[in-house]
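In case you want the letters, here they are:
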Amino acid sequence: MELEVLSLAYPPLLIFAAALLVLVLPRIAGFTVGALSLAAVLAISLVAPEGQHLAGTFLGFEVVPYYIDDFSRMVGLGLGFLGVCSVIYAYSSEASTTLVAFALVYVASSVGAAFAGDWLVLLFMWELMAVTSTLVVWHYGGDAVRAGFRYALFHGTGGVLVMLAVAAHYVQTGTFIYDGTGIADGIPALLAVLGMGVNVAFIGVHTWLPDTYPRPHIAASVFLSVYTTKTSAFVLYRAFPIGAESDLGIYIAYMGGLMSVYGATFALLQHDMRALLSYHIQAQLGYIVAGIGMGAWMIESEIAVAGAMSHLFNNILFKSLLFMAVGVVIYRTGEEDLYELGGLWREMPLTAIGFGLGALSITAIPGFNGYVSKGMLFDAADPHYYGIEASEPLYWLLWLGAIGTLLSFIKLGYYVFFHGESDVSVPDAKPGQTVAMLGLGAACVLFGVWWEGLADLAPTLHAHGGGEFTFAYPNDEGHMHPYSTSHLQTAGILTGVAAVTFVVVRKPLSKLDLGDPAMIVYPVTYHVSRWTMLAVTEIYAAVDRAVVGGVKRCYWIGNNPVLAVDAAARRLPLVDVEERQPTDGGRPSTIHLRTSIGTTVLLLTLVLTVVLWLLVV
């Protein structure tokens, strides 16, 4: 009976209901309900039975809104746990109830995309995720509005490509239901990889990341840092699953390798702390994309897919933790530039510990979760382990990306927490911020030390008892040994090379301020975005003025019908109208119709969501 109930408890709907309650309940009660809804997603992901749930028809098409397998279970666990921590962090960081309501609808769409069992439901959730994430950015106002508009243009374009891919897939296969083989070959696959490439920050269409994520409220950045990109990486796997033998697999894999280097390089050149972390979203997505590409390219490369999904799960934990720690620094000091800080470990020891746990995880230091998942990906690409000769350049790209990651976080930690003495006396993280950071940090340590637990979650690894995990790879069967001598030596070499390099390049690096060449190569994007934004906002304002003015006039006429007739009569020739005293003493009638564009879009989205849900049911 309990399992049947869980199969009917649709996770996105729980979060969606919590978002509505956040708007009407007292602040602490609303945030509590929001956190509990995400705790429910965590529990459902852990114990819900595998298979299709809530299957039905929509406009004559078969749909499966709720699908559980080992892959969606792993992603659901990560998104649910992070959601609980993010709501606690948002409450303690003084995020508004409106922002958290927006964020929860955004999270609901992301979770809905992860649990979708067909391309049609996925497409709906994909577009809803683009709309709601834009609202999360816009809510902060100021520079975030323009950045959010550029963000919306990128994701709107990517969404159109994904929509075309799904339509072409249906034409070729006659069904939207996932069948385990991914998106149809040919045009659908090409359109899918281009559209999904926007959301996973392929080089050239990645500039929305560093442009957008440093702009909004610090709590908004935490939500944004995970849900769009990690969900999209998972959807990329759905399109190109293990064994797909897609011709695009090798290109996806090498794009991932290049992303890891590109993102780490430009992260190293940043002054803005959240911009640095945003480039590292691209870099870490590069590892995930490389693993997905290897799984679709190499026959039965189970270790590559296990590494990609494990790194996706781990990235949910340590990337959000890093945004939280940096957010606390900004919250307490008001400073975004890392070169304007220093010595904060004495002022903010708990924040420094939280940052340290995240930094040690993302840089793949032994004992932390990133070490285990990155190790799988290194082994999958290394021809001397489980890779093939054609994957050797990819292995060295991942190596360079790892060195760049180490350099970036040595730089960030050094200048923010250890360089010199602090010029300001500031309090440490608030209790809720501390709980959220240390909760995520504890998970990073747990899955680094208890790596068997992470391997248990990884869908393509198979335990044979006694903690022994095996997997298939192109030439044979392999065993997982993350803490073998050779793996520890590799980690030590990477760390040593990065530490020595930082000592050499620290001073010249601090004087560099190089922009992302993608911002120069695509100046048209900026101008088109700017003028399109102005056109849309001015049209919206004109329509708003016309509608509100018309409603107000009708409201006034309803309250003053005699005066309205007199006013109309005065416009006629040869009509003499006697002056009358207004019954309201001359005060104009008032009616409150004003709301923000973000709230308007949210209300329209909610109404359309309810209508579509009723159609499905």
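See above for the structure.
Reading guide: rules and limits
Residues numbered from 1 in each chain as written. Predicted model: local features only at pLDDT ≥ 70, side-chain atom pairs only at ≥ 80, totals over all residues. Heavy atoms only, no water. Helix = DSSP H or I, 4+ residues; strand = E, 2+ residues; numbered from the N terminus. Phe/Tyr/Trp six-rings, centres within 6.5 Å; stacked < 30°, edge-to-face > 60°. Buried < 20%, exposed > 50% of the residue type's maximum accessible area, 1.4 Å probe, protein only. Lys NZ or Arg CZ within 6 Å of the ring centre and 35° of its normal. Pairing = 2+ DSSP bridges.

(A) Fine view of unusual backbone geometry. The residue Leu54 is not glycine, and still its phi comes out positive at about 60°. By secondary structure assignment, the location of Leu54 is in the loop between strand E1 (51–53) and strand E2 (56–58). A positive phi angle is found at Ala201, which is not glycine, with a value near 65°. Take Ala201: it is sitting in the loop between helix H8 (187–199) and helix H9 (208–212).

(B) Layout of the packing of aromatic side chains. In this structure the tally under the stated criterion is 30 aromatic pairs. Taken together, a centroid distance of 5.3 Å and an interplanar angle of 40° make the contact between Phe355 and Phe417 tilted. Of the two residues, Phe355 sits in helix H16 (residues 349–362) while Phe417 sits in helix H18 (residues 392–418), which places them 62 residues apart along the sequence. On the basis of relative accessible area, Phe355 is assigned to the buried category, the value being 5%. Classification of Phe417 as buried rests on a relative accessible area of 2%. With a centroid separation of 6.3 Å and 20° between ring planes, the pair formed by Phe447 and Trp450 is classed as stacked. We classify Trp450 as partly exposed; its relative accessible area is 44%. The rings of Tyr287, Phe378, Tyr395, Trp396 and Trp399 are connected pair by pair, giving a single aromatic cluster. Its end group placed over the ring of Phe31, Arg27 keeps NZ or CZ at 4.6 Å from the ring centre. A cation over a ring is seen here: Lys374 above Tyr287, with NZ or CZ 4.7 Å from the ring centre.

(C) Region of the structure containing the pairing of strand E6 (residues 469–473). Judged by how many residues are buried, E6 sits mostly within the fold: 5 of 5 residues are covered. Where burial is concerned, the two faces of E6 agree: the one with Phe469, Phe471 and Tyr473 and the one with Thr470 and Ala472 are both buried. Bridge count between strand E5 (residues 462–463) and E6: 2 bridges; the pairing is antiparallel. Residue pairing in the sheet places His462 in a bridge with Thr470 of E6. Direction of pairing for E6 relative to strand E7 (residues 476–479): antiparallel, over a ladder of 4 bridges. Directly across from Ala472, in E7, lies its bridge partner Glu477.

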